[in-house]
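Remarks on the overall topology
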Amino acid sequence: MNRDKGRLRKLLLIIGVAAVVGLAFSHWAGVDGPGPESGLLQLRGEEDWTERLRMDRDPVPQPGASDEDADDATIQVVRSVGPTVVKITTTEEQVINDLLMGRMVQEQEGIGSGVIFDKRGLILTNSHVVASAKEILVWLPRRQDPYAGKLVGQDPYTDLAVVQIEGKDLPAAELGDSDELEVGQTVIAIGNPYGFENSVTRGLISALGRGLMIDPNTNLQLEGVIQTDASINPGNSGGPLLNLRGEVIGINTAIIREAQGIGFAIPINLARSVATDLINHGKVVRLGVLGGTITPAFITAYERQTGEKLLVESGVYVTEVIPDTAAARARLQPGDIITVVAGKRVTSIDELVRQVKTSGFGAQIQLTVYRGGDRKASRISVTLR
């Protein structure tokens, strides 16, 4: 049976009926959108950070009719948005086991980028830049002394984090809409590649909706990622990808270090929603499963591989339950088929994601689940926290 489950995981990728659910099931069924991640859980009775992130900021100057030339537009964007792009340096402790010296703890320094997206000092960056940091320092352009950075929250499954600094009259970048992007569109990346502060590169959007492997050991993959030929190197991680209007449309990530001429950015719609969850709760709320949408092709492949008849014609098939999540606490199992969430029938991953999103943080929801050879569905209660 374990071998069958392994074959099914591979099959989900081959036949194109899978999407990542949990870790990459819209990152544990907490966020939705084009690619699995670009919405936000509806936070009932709480401050709506989505709206606040769109307010309380000075408008970024827009290229006028005389700025059609890409060079002029790029210069204008750099002048207006450059002050919001920061360098982030970190110190973390690393344990080393030496045959002669025994166990030693050494300090290791790291460097990355970030962008201030709220005048109160909130900064978007990559999770892998700050996740293990003992100390975070944030350097603004043309400022000699750094600010002490506080980690508000980080989410390794989307490689996003929010850091806050305390300062006055801080600049803030305008967040755009990554749903409006088109292949071939000119984009600008600003960051600190290899420590070279406030470096600017320009390129095109090469592709949209790419899958980007974050951790090969767990098959953790980001979906819906922006691919660009604007140079993004180590040190650029966490910096903004901008359109020619000066709006942040992505957060750059340099996870694929050996990539040459290929850069990737996490769509800003995802980043906005993850930031809102991190600000409100310190984490992103998810169901916590990996799986795929059940389609006719999936059913055919399943029955061919297992020799068993699938009990339902639609729903979400669970291939893995992530430890320490709502799904794990509710004792969901690989092989479960989810057909109803919070009273709403789900026929795809996207529908399941939307129901989790609508339910919100702390909600207790009922799942209708078919398990194993049982011909009768069970109802399982899950608390989203």
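Residues numbered from 1 in each chain as written. Predicted model: local features only at pLDDT ≥ 70, side-chain atom pairs only at ≥ 80, totals over all residues. Heavy atoms only, no water.

Time to look at the overall build of the protein. Regarding its fold elements, the protein presents 9 helices and 20 strands. Per-residue burial for the protein yields a buried fraction of 51% across its 385 residues. The long-range fraction of contacts in the protein, counting pairs at least 24 apart against all pairs at least 6 apart in sequence, stands at 64%. When the accessible surface of the protein is totalled, it reaches about 17900 Å², and 46% of it is carbon and sulfur. (Helix = DSSP H or I, 4+ residues; strand = E, 2+ residues; numbered from the N terminus. Buried < 20%, exposed > 50% of the residue type's maximum accessible area, 1.4 Å probe, protein only. Contact = heavy atoms within 4.5 Å. Areas by Shrake-Rupley, 256 points an atom, 1.4 Å probe, with all protein chains shown as cover.)

A few words on helix α7 (residues 296–306). Along α7, the residues that are buried comprise Phe 298, Ile 299, Ala 301, Tyr 302 and Thr 306. Looking at the residues trailing α7, positive phi occurs at Gly 307, about 75 degrees.

Right, let's get into the nonpolar core. Of all hydrophobic cores here, the largest spans 29 residues; its most connected members are Phe 117, Leu 124, Val 248 and Ile 251. Discounting residues that sit within four places of it in the chain, Leu 124 has contacts with Gly 114, Val 115, Phe 117, Ala 161, Val 162, Gly 238, Ile 251, Ile 268, Ala 271 and Ala 275. Ranked by size, the runner-up nonpolar core spans 24 residues in total, among them Val 318, Ala 327, Ala 330 and Val 356. (Core = buried A, V, L, I, M, F, W, Y, C linked by side-chain atoms within 4.5 Å.)

Right, let's get into the packing of aromatic side chains. Two numbers describe a pair of aromatic rings. These are the distance of the centres and the angle of the planes. Scanning the model with the defined rule gives 3 aromatic pairs in all. Centre to centre, the rings of Phe 298 and Tyr 317 are 5.4 Å apart; their planes meet at 50 degrees, and the pair counts as tilted. Here Phe 298 is found in helix α7, whereas its partner Tyr 317 is found in strand β16 (residues 316–321), with 19 residues between them in sequence. Owing to a relative accessible area of 2%, Phe 298 belongs among the buried residues under this scheme. Ring centres of Tyr 302 and Tyr 317 lie 5.8 Å apart, and the angle between their planes is 65 degrees; on these two criteria the pair is classed as edge-to-face. Here the residue Tyr 302 occupies a position in helix α7, and Tyr 317 occupies one in strand β16, the gap between them amounting to 15 residues. (Phe/Tyr/Trp six-rings, centres within 6.5 Å; stacked < 30°, edge-to-face > 60°.)

Relative to the assigned elements, Ile 226 resides in strand β11 (residues 220–228). Sequence separation between Ile 226 and Gly 211 is 15 residues, and the spatial gap between their C-alpha atoms is 9.0 Å. Not counting the four nearest positions on each side in its chain, Ile 226 is found in contact with Leu 181, Ile 205, Ala 207, Leu 208, Leu 241, Ile 249, Gly 250, Gly 263, Phe 264, Ala 265 and Pro 267.

Moving on, we come to the pattern of salt bridges. Under the definition given, this model contains 6 salt bridges. Taking the shortest distance from any N to any O, the salt bridge between Asp 71 and Arg 202 comes out at 3.0 Å. Pair noted here: Asp 71 is in helix α4 (residues 70–81) and Arg 202 is in strand β10 (residues 199–215), with a separation of 131 residues, a long-range link. Using a relative accessible area of 39% as the deciding quantity, one classes Arg 202 as partly exposed. Two residues, Asp 118 and Arg 120, come together in a salt bridge whose shortest N-O distance is 2.8 Å. A relative accessible area of 2% means that Asp 118 is categorised as buried. Of the residues examined, Arg 120 reaches a relative accessible area of 29% and is grouped as partly exposed. (Salt bridge = Lys/Arg side-chain N within 4 Å of Asp/Glu carboxyl O.)

Moving on, we get to the pairing of strand β15 (residues 289–293). Here β15 lies mainly inside the structure; 5 of its 5 residues are buried. Here 5 bridges tie β15 to β16, and the two strands are oriented antiparallel to one another. Bridge pairing links Gly 292 to Tyr 317 in β16. (Pairing = 2+ DSSP bridges.)

Positionally, Gln 227 belongs in strand β11. Those residues in contact with Gln 227 that lie beyond four places of it in its chain are Leu 204, Ile 205, Ser 206, Ala 207, Arg 210, Ile 262, Gly 263 and Phe 264.

What follows covers the confidence of the model for the protein. Looking at the protein as a whole, the pLDDT averages 79, with 76% of positions reaching at least 70. Summarising per-element confidence for the protein, the mean pLDDT is lowest in helix α2 (residues 26–29) (44) and highest in strand β3 (residues 122–125) (97). This stretch, residues 11–67, has a pLDDT under 50; its non-local contacts, to residues over four places away or in other chains, come to 181 contacts. (pLDDT = per-residue confidence, 0-100.)

What follows concerns the environment of Ile 268. Looking at where Ile 268 falls in the secondary structure, it is placed in helix α6 (residues 268–281). With residues near it in sequence (within four places) discarded, Ile 268 still touches Leu 124, Leu 175, Gly 176, Asp 177, Ser 178, Val 248, Ile 249, Gly 250 and Ile 251.

What follows concerns α4. The first and last C-alpha atoms of α4 sit 16 Å apart over 12 residues, in line with the 16 Å expected at 1.5 Å per residue. For α4, the complete set of buried residues consists of Ala 73, Thr 74, Gln 76, Val 77 and Val 81. Projection of α4 onto a plane perpendicular to its axis shows the buried side chains occupying an angular sector of 165 degrees, all on one side. (Expected span 1.5 Å × (residues − 1). Arc of directions from axis to C-beta.)

On to the environment of Gly 238. Relative to the helices and strands, Gly 238 is located in the loop between β11 and β12 (240–242). Accessibility expressed as a relative area gives 0% for Gly 238, which makes it buried. Spatially, the C-alpha atoms of Gly 238 and Gly 112 are 6.4 Å apart, while their sequence positions differ by 126 residues. Dropping the residues within four chain positions of it, Gly 238 is found in contact with Ser 113, Gly 114, Val 115, Leu 124, Thr 125, Asn 126, Ile 251 and Asn 252.

Here the focus is unusual backbone geometry. The phi dihedral of Arg 142 is positive, around 60 degrees, even though this residue is not glycine. The exposure class assigned to Arg 142 is exposed, which follows from its relative accessible area of 77%. At Arg 331, a position not held by glycine, the phi torsion is positive, near 65 degrees. Topologically, Arg 331 is positioned in the loop between α8 (326–329) and β17 (337–341).

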